[in-house]
Amino acid sequence: MPDDTQLAPVLAPQHPIWAWADAAPLPPPLLRAQALWQPVRYRDLPGWGRDPLHDVWNAWLRSCERPAAPWGALCPQIRRLTLADAEARYVWVMRHWQPYRVLALDGSVPAGLLTGYYEPELPARRQRDAVHRVPLYAPPPALAAAAGQPWRTRRQIDADPQVQALLAPHVLAWLADPLDALLLHIQGSGRLRITEPDGQVRLVRLAFAAHNGHPYQSVMRTLLQRGEIREGTWEALRAWAAANPERLDELLWTNPRVVFFREESLDALAAQAGPRGAQGVALTPGRSVAVDREAVPYGTPLWLVSSGPVARLQRLVLAQDTGAAIVGAARADFFAGWGEPAYPLAAGLKQPLQLWALWPRAQPLPPLPGA
């Protein structure tokens, strides 16, 4: 279990930068479409000064590949601090960035929630066989022709021969387990150990490319509401599926949303990072989070505090992704990494959350995209 509360202090409150930062005049609050940012002192951030900042600096460098205008000017300094020690980084952050508590629009403290997600790694085949019968698709031209309107439902895609014929040229790979396919659809990306027709096994990534325009419906919530499972976990879902194989399609069809993917090669370097998030940069395990972009702009450094049965977190993270279920001021999805080692943390995270945003001093928030 990650436990940031046990880390030794890197920067003590007696350091001169604390006195300077906490004596600086507080700026006015900043307003977002779905959040109020209330300026605070660094002493108000639980655990500030203990995070070693090494991993988050790598994530911050990635955000500098697609910087927002107000803080992009600081990216040359972020790059120059790549080889600096943690103390020098803290001094720079506290001098140049103002912390804000992320609150609800009415100024109240929201009931924050932290969940987790990860990049599954699954076996697959390039060609269908007697075991591998569940397709994963690239977007067909007909999806673009729908011009943003809902396209075929999951049931039609799975059971209508005409739709299947339309999609046949766009199959990327075949899986053995329909629940593995559902997992990829929910997580939005994944790694496949794919067996090619010549028998060679390649590691590739399937990244989110599009969806069919229908709303996501949780199949676990459906089973919970029916009283057919007692816990909303993947273990409970898989146990139910094993006991009710003849009913699995009917259950999956209660979720009409289908995700389409694009295949990306994974060389040794690319395999050391996660998929690209909504900001357009590769995600960093333990340091990238998905947020509501109407509450927090992409690329924003966030001081994240969350304590629960699977993690005690007090660390700097970067807002680099989003998700349909990530809505509200103090709401975040924590990228845990990839493969089986990341699964317990990703699956277990569902605990309270407090967020503080860091923003360049004397800089306004940018307008929303498209505003």
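In what follows, the structure referred to is the one given above.
To keep things clear, this report deals only with the structure shown in the data block. Worth saying up front: this structure is predicted, and the values here are computed from it rather than measured.

### Things to note about the environment of Leu248
With respect to the secondary-structure elements, Leu248 resides in helix α12 (residues 248-252). Measuring from C-alpha to C-alpha, the distance between Leu248 and Pro178 comes to 8.7 Å, with 70 residues separating the pair along the chain.

### Comments concerning the pattern of salt bridges
Counting across every chain of the model gives 18 salt bridges. The structure contains a network of salt bridges with shared partners spanning Arg126, Glu196, Arg202 and Glu263.

### Points about the packing of aromatic side chains
Enumeration over the complete set of coordinates arrives at 13 aromatic pairs. For the pair Tyr118 and Tyr343, a centre-to-centre distance of 5.7 Å together with 65° between the ring planes defines the contact as edge-to-face. With a gap of 225 residues between them, Tyr118 in strand β4 (residues 112-119) and Tyr343 in helix α13 (residues 339-348) connect regions that are remote in the sequence. No difference in accessibility class separates Tyr118 from Tyr343, as the two residues are buried. One aromatic cluster in this structure is built from Tyr42, Trp48, Tyr90 and Trp303. Sitting over the face of the ring of Trp20, Arg95 holds its NZ or CZ atom 4.9 Å from the ring centroid. Residue placement shows Arg191 over the ring face of Trp338; its charged tip is 4.2 Å from the ring centre.

### Section: the pairing of strand β13 (residues 312-321)
Among the 10 residues of β13, nine are classified as buried, and the element is accordingly described as predominantly covered. Bridge count for strand β11 (residues 288-291) against β13 is three bridges, and the pairing is parallel. Within β13, the position partnered with Ser288 by the bridge is Leu318. As paired strands, strand β12 (residues 301-307) and β13 are joined by seven bridges and run antiparallel to one another. Along β13, the bridge assignment pairs Ser306 with Leu313. Linkage of β12 to β13, two consecutive antiparallel strands, is achieved through a turn of four residues.

The rules we used
Residue positions are given per chain, counting from 1 as you read along its sequence in written order. A pLDDT threshold of at least 70 governs which residues receive local features in this predicted model, and a stricter bar of 80 or more applies before side-chain atom pairs are shown or counted, although totals over entire chains, interfaces and linings include all residues. Processing note: side-chain calculations cover all non-hydrogen atoms of the structure and skip hydrogens and water entirely. Each helix is a run of H or I in the DSSP string that is no shorter than four residues. Each strand is a run of E no shorter than two, and both are numbered from the N terminus. Salt bridge criterion: a side-chain nitrogen from Lys or Arg within 4 Å of a carboxyl oxygen from Asp or Glu. Working definition: a ring pair exists when centres of Phe, Tyr or Trp rings (six-membered ring for Trp) sit within 6.5 Å. Plane angles under 30 degrees give stacked, over 60 give edge-to-face, the rest tilted. Buried, partly exposed and exposed residues are distinguished by accessible area as a fraction of the type maximum, computed with a 1.4 Å probe on protein chains only: under 20%, between the cut-offs, and over 50%, respectively. Note on geometry: a ring has a charge over it if NZ (lysine) or CZ (arginine) is within 6 Å of the ring centre and within 35 degrees of the ring normal. Two strands pair if DSSP finds at least two bridges between them.

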